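# Structure assessment
This is what each chain is made of:
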Amino acid sequence: MAKENGFIGSIDQGTTSTRFIIYDHDARAVASHQVEFTQFYPEAGWVEHDPMEILESVKVCIAKALDKATADGHNVDGGLKAIGLTDQRETTVVWSKSTGLPLHKAIVWMDARTSSICRRLEKELSGGRSHFVESCGLPISTYFSAMKLLWLMENVDDVKDAIKKGDAIFGTIDTWLIWNMTGGVNGGLHVTDVTNASRTMLMNLKTLNWDQDTLKTLGIPAEILPKIVSNSEVIGEICKGWPIPGIKIAGCLGDQHAAMLGQACRKGEAKSTYGTGAFILLNTGEVPIKSGHGLLTTLAYKLGPQAHTNYALEGSIAIAGAAVQWLRDSLGIIKSASEIEDLAAMVDSTGGVYFVPAFNGLFAPWWREDARGVCIGITRFTNKSHIARAVLESMCFQVKDVLDSMNKDAGEKGSLDNEKGEFLLRVDGGATANNLLMQIQADLMGSPVVRPVDIETTALGAAYAAGLAVGFWNEADIFESGEKAKNSKVFRPAMEEEIRKKKVASWCKAIHKFQRLTVESNKVEGIYVETLERSMIEFASIYGVKALAGNKCETGVWVGDRKIGAIGVRISSGITTHGLAFNIDPDLKYFEHIVPCGIADKEVISSDHLCHGGSLRGSEVVTQTMDDASYAPLSREPGLLLLA
C-alpha cells in the first residue's frame, strides 16, 4: 500500500460487545477500545439487548480509542478521514421517530420467540417454509428480522400504536446507530445497507429493493423501513454530541460480510468467523446461487452505488463461542473464556463425549428452531477436560457440516480447491486465537485452516469499505496485496483419515439425538405430524434426495458410499411411519438407521426404536434398538423399502 497520512475508524457492534478500532494506511490497528454490554434472557430461548446501552457503548469506545491513539502520539483528531460501521445482523429495533426512544428492547438474532409465527406462516403460505426463498434467498425462520418485526407488531402495544400514528421506524442495529449518529430526532438519516437488508427477509436479492409482494403478504408497512444503500459510499456526517462530529460515515456492512471483505474473499473463496456464533460464507460472484443443501443465498458485498454486486452462500451456526460462555457463566467449569484451551489440552480426546449446542435450535444446514442441546457419551471416566474439548469440537463439527453442504452446492458450479488441489478455509474472530480449536478444525475438515495476523477482520472490513469510499484505499490495496498472506498461520490436518471418519459418524449420531428430543417435545404441543413431515423433507433436501412425498421416494441417491432412500413401515394400527434409510447395502438386506421418526396411535416412536441395526427378511421388517436392548419392538405388518 502506498504511504498516506491519515486514519480510518471502524465501529464493530457485536452481539456481546462493542469496539472501536483506528487503522493507519497500512491497515494496522493503532488504537482500540472494547466494552461489553448486558444480555437479557426474559424467557427460555429469548435474547434481548438494550438499544440505549448499545448506543452509549459506541460513544464510550470511540472516545476511549481516540484517547489511547493520542496518548501514543497519533494525530487522530486531525487525521481521521472517515469511519465504517459493522454490526450484528438481524437484531431488530423499533423506535419512535419523535422521541428517539426504543419501543421495546432489541430482539437479538438468536432469539427464538417467533417459532409459532414461523409455523403459522408455513401453514398459511402456498410455498410453506420456502415461500420467500425465490425473492430473498431465505427460508422462514426465527433467525431473520421480518419475523421479529411481526412479533413486535403483534405483541407490543407501544409498537402497534406508534405504527398507527406514523411514529414508528424499524431498523437493524446499523440503522439505529446511523440514525442517532447523524442527528436522531433532529434529522437523523434512516438508512441501512444492502447486506443488512438482505438478512431481513424483506429485500429482493436481484433488485436490492424492498420486495413489495413480501411486504404485502406479511402486512409490514413500507414507510417504517429504511432506505437501502451500498456498502461503500458516504452516507452522512456525525452530528454534534458525539466524540468525532463532522466525520463522514462512509461504509456499512453486516458483520459477516465485513469479515469477507476484511479477508479479501473474491469469487470462489470462503471464510469462517468464530464469535458468539460461527458464520461461513463463500463468495459466488455476481450471480446468486440457490442452495440445494440447507444453505442461505445472500449478498457478499457491493462496494459502491454503481459497483457490481457480489453474492454469497452462507451457513450460519447459532452457538459457537456462546457455548464457551455457557461453560463459564452457567456451569462454572472455567473462570474465563481463554482458559478453555489449556483445560481441553489436558486430554488428547473427548473420551467419547459429543456435545450438540442447540441452545436456541440449530441453523444451517439443519434449520430446526425446535432443536435442543444434547451431550452424549458421558461415563464415570468423563471429566471437565473432556467436556471442554467436546465443546471445542462441537464448533468445528458444525463448521464442517456447513462446508460439506457448501462443497456440494459449489460442486455443481466447479471445485473450490486451489491450484494445489486443496481447499483453504480463511478464519477470523476472537475464538481463532485458540490454537487447539484451529487444529481441531483442520483435523476434522481434513483441509488447511488459514489464520491472518489480524483476526479481527470484521472491523477491518468496515474500515476498508469506508476507506474505499473516500479514496483512502483502492481495491488493489485490499484484494491484491500479498502482505497479509505472508504472515498468516496455516494449520494443517494431522488426524488419520480413519479416525476422522469415525468421529464424524459419531457426531452425526449425536445430531440425530436432538430429533428425538424435538419430536417428544412437539408431541406435547400437539404438532408431531407436521414436525415429522417437515423434518423428513428438510433432511432429504440436505442430503440430496430429489423427490420425497409421503412415504415414496422417487429418487434415491448416493452420498459418499451411502445410499439414501425413503422407507415406509406399516404398523398394526394402520398408520404408516416414514423415515430415511441409511447405509443400505447393495443387496438391500440391511439398513442402519431411519430418521427422523414415526407415529402410531398418537404415540411417538423415536428413530432409535424404529430401526438401528435393522434388517430386511423378505418383506418383514425386523428392528432392534440402539440404546435400549430390553425395549420390546412393536408388532409390525410387512414393510416395503422404496428405492429408485
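Residues numbered from 1 in each chain as written. Predicted model: local features only at pLDDT ≥ 70, side-chain atom pairs only at ≥ 80, totals over all residues. Heavy atoms only, no water.

### Quick notes on the environment of Ser-115
Relative to the helices and strands, Ser-115 is located in helix H3 (residues 115–124). Between the C-alpha atom of Ser-115 and that of Met-147, which follows or precedes it by 32 residues, the distance is 8.7 Å. (Helix = DSSP H or I, 4+ residues; strand = E, 2+ residues; numbered from the N terminus.)

### Thoughts on unusual backbone geometry
One non-glycine residue, Ala-27, lies in the positive phi region at around 60°. Here Ala-27 lies in the loop between strand S2 (17–23) and strand S3 (29–36). Accessibility expressed as a relative area gives 12% for Ala-27, which makes it buried. Phi is positive for Met-201, which is not a glycine, with a value near 80°. Structurally, the position occupied by Met-201 is in the loop between helix H8 (194–197) and helix H9 (212–218). (Buried < 20%, exposed > 50% of the residue type's maximum accessible area, 1.4 Å probe, protein only.)

### Let's talk about the sheet that holds strand S1 (residues 7–13)
If you trace the 6 strands from one edge of the open sheet to the other, you get S3-S2-S1-S5-S12-S11, paired in mixed fashion. Each of the sheet's edge strands pairs with one partner strand only, and the pair in question is S3 and strand S11 (232–237). Strand-to-strand twist in this sheet, taken as the mean axis angle between neighbours without regard to direction, amounts to 25°. Bridge count between S1 and strand S5 (residues 80–87): 7 bridges; the pairing is parallel. Bridging from a neighbouring strand, Ile-8 pairs with Ala-82 of S5. Strands in contact with helix H10 (residues 255–262) are S5 and strand S12 (248–254); relative to S12, the strand with the most contacts, it is inclined by about 105°. (Pairing = 2+ DSSP bridges. Axes fitted to C-alpha atoms, helices over the stretch in contact; angles between N-to-C directions. Contact = heavy atoms within 4.5 Å.)

### Observations concerning the sheet that holds strand S20 (residues 449–451)
Reading across from one edge, S15-S16-S14-S13-S19-S20-S21 is the order of the 7 strands in this open sheet, with mixed pairing throughout. Looking along the sheet, the strands with just one partner apiece sit at the ends: strand S15 (296–302) and strand S21 (489–491). Geometrically, the sheet is characterised by an average inter-axis angle of 30° between neighbouring strands, direction not taken into account. One ladder, built from 2 bridges, connects strand S19 (residues 425–428) with S20; its direction is parallel.

### As for the side chain of Ser-385
Looking at the element boundaries, Ser-385 is found in helix H13 (residues 384–411). A polar contact is formed between the side chain of Ser-385 and the backbone oxygen of Leu-343, at a distance of 2.9 Å. (Polar contact = N/O pair within 3.5 Å; in protein donor to acceptor, adjacent residues only side chain to side chain.)

### Quick word on the packing of helix H1 (residues 51–71) against helix H7 (residues 173–181)
For the pair H1 and H7, interaxial distance at closest approach is 11 Å and the crossing angle is 65°. By crossing handedness, the relation of H1 to H7 is classed as right-handed. Each of Pro-51, Met-52, Ile-54, Leu-55, Val-58 and Ile-62 in H1 lies in contact with H7, whose residues at this interface are Ile-173, Trp-176, Leu-177, Asn-180 and Met-181. Among the residues forming the contact of H1 with H7, the class breakdown is 10 nonpolar, 1 polar and no charged. (Left-handed = near helix turned anticlockwise from the far one by under 90°. Nonpolar A, V, L, I, M, F, W, Y, C, P; charged D, E, K, R; others polar.)

### Details of the pairing of strand S16 (residues 309–317)
Where burial is concerned, most of S16 is hidden: 9 out of the 9 residues are buried. Residues Thr-309, Tyr-311, Leu-313, Gly-315 and Ile-317 point to one face of S16 and Asn-310, Ala-312, Glu-314 and Ser-316 to the other, with burial holding for every one of them. By the bridge criterion, 7 bridges tie strand S14 (residues 278–285) to S16 in an arrangement that is antiparallel. From the neighbouring strand, Leu-281 faces S16, where its bridge partner is Glu-314.

### Topic: the nonpolar core
Among the nonpolar cores identified, the biggest contains 136 residues, and Met-147, Met-201, Leu-218, Ile-220 and Leu-261 are the most heavily contacted of them. The greatest single-element share of this core, amounting to 12 residues, is contributed by H13. Excluding residues that lie within four positions of it along the chain, Ile-220 makes contacts with Ala-146, Leu-149, Leu-150, Met-153, Leu-202, Leu-215 and Leu-225. Membership of the second largest hydrophobic core comes to 39 residues, among which are Ile-22, Val-76, Ala-106 and Ile-169. (Core = buried A, V, L, I, M, F, W, Y, C linked by side-chain atoms within 4.5 Å.)

### Thoughts on the confidence of the model for the protein chain
Averaged over the protein chain, the pLDDT score is 78; the fraction of residues at 70 or greater is 75%. In the predicted structure, residues 519–644 sits below a pLDDT of 50 and forms 261 contacts with residues beyond four places in sequence or in another chain. (pLDDT = per-residue confidence, 0-100.)

### With respect to the pairing of strand S6 (residues 92–96)
Within S6, 5 of the 5 residues are buried, which leaves the element mostly enclosed by the surrounding structure. Burial along S6 is two-sided: the face carrying Thr-92, Val-94 and Ser-96 and the face carrying Val-93 and Trp-95 are both buried. As judged from the 5 bridges shared by S6 and strand S8 (residues 168–172), these two strands associate in the antiparallel manner. Residue pairing in the sheet places Val-94 in a bridge with Phe-170 of S8.

### Overview of the pattern of salt bridges
Tallied over the full model, the rule gives 22 salt bridges. We note a salt bridge from Lys-400 to Asp-404, for which the minimum N-O separation is 2.8 Å. One end of the pair is Lys-400 and the other is Asp-404, both in helix H13 and 4 residues apart, which spans about a single turn. Given a relative accessible area of 31%, Asp-404 falls into the partly exposed group. Through salt bridges with shared partners, one network takes in Arg-89, Glu-90, Arg-199, Asp-255 and Glu-314. (Salt bridge = Lys/Arg side-chain N within 4 Å of Asp/Glu carboxyl O.)

### Quick word on the side chain of Thr-382
If you trace the backbone, Thr-382 turns up in the loop between strand S18 (374–376) and H13. Excluding anything up to four places from it in sequence, Thr-382 contacts Val-353, Gly-377 and Ile-387.

### Overview of the packing of aromatic side chains
Where two aromatic rings form a pair, the distance of their centres and the angle of their planes describe that pair. Per the stated rule, a full pass over the model turns up 14 aromatic pairs. Aromatic pair Trp-95 and Trp-176: ring centres 5.1 Å apart, planes at 75°, arrangement edge-to-face. Residue Trp-95 is located in strand S6, and its partner Trp-176 is located in helix H7; the two are separated by 81 residues in the primary sequence. The pair Trp-95 / Trp-176 is uniform in exposure class, with both members buried. When the ring of Trp-326 is compared with that of Phe-359, the centres are 5.2 Å apart and the planes differ by 55°; the resulting orientation is tilted. Here Trp-326 is found in helix H11 (residues 321–331), whereas its partner Phe-359 is found in the loop between strand S17 (354–356) and S18, with 33 residues between them in sequence. A cation over a ring is seen here: Arg-113 above Trp-151, with NZ or CZ 4.6 Å from the ring centre. In this structure, Lys-489 is placed above the aromatic ring of Phe-491, and the distance from its NZ or CZ to the ring centre is 5.0 Å. (Phe/Tyr/Trp six-rings, centres within 6.5 Å; stacked < 30°, edge-to-face > 60°. Lys NZ or Arg CZ within 6 Å of the ring centre and 35° of its normal.)

### A word on the environment of Ala-259
Within the secondary structure, Ala-259 sits in helix H10. With 169 residues separating them along the chain, Ala-259 and Asp-428 place their C-alpha atoms 7.6 Å apart. Sequence-distant contacts of Ala-259, that is, excluding residues within four places in its chain, are made with Lys-271, Thr-273, Asp-428, Thr-457 and Thr-458.

### What to know about the environment of Lys-240
By secondary structure assignment, the location of Lys-240 is in the loop between S11 and S12. Counting along the chain gives 57 residues from Lys-240 to Gly-183, while the straight-line C-alpha distance between them is 7.9 Å.

### A few points about H1
Compared with the 30 Å implied by 1.5 Å per residue over 21 residues, the 31 Å span of H1 between its first and last C-alpha is a close match. The opening residue of H1 is Asp-50, an N-cap whose side-chain oxygen sits 3.0 Å from the backbone nitrogen of Met-52. Where H1 ends, the next residue or the one after it, Gly-73, has phi of about 90°, a positive value. (Expected span 1.5 Å × (residues − 1).)

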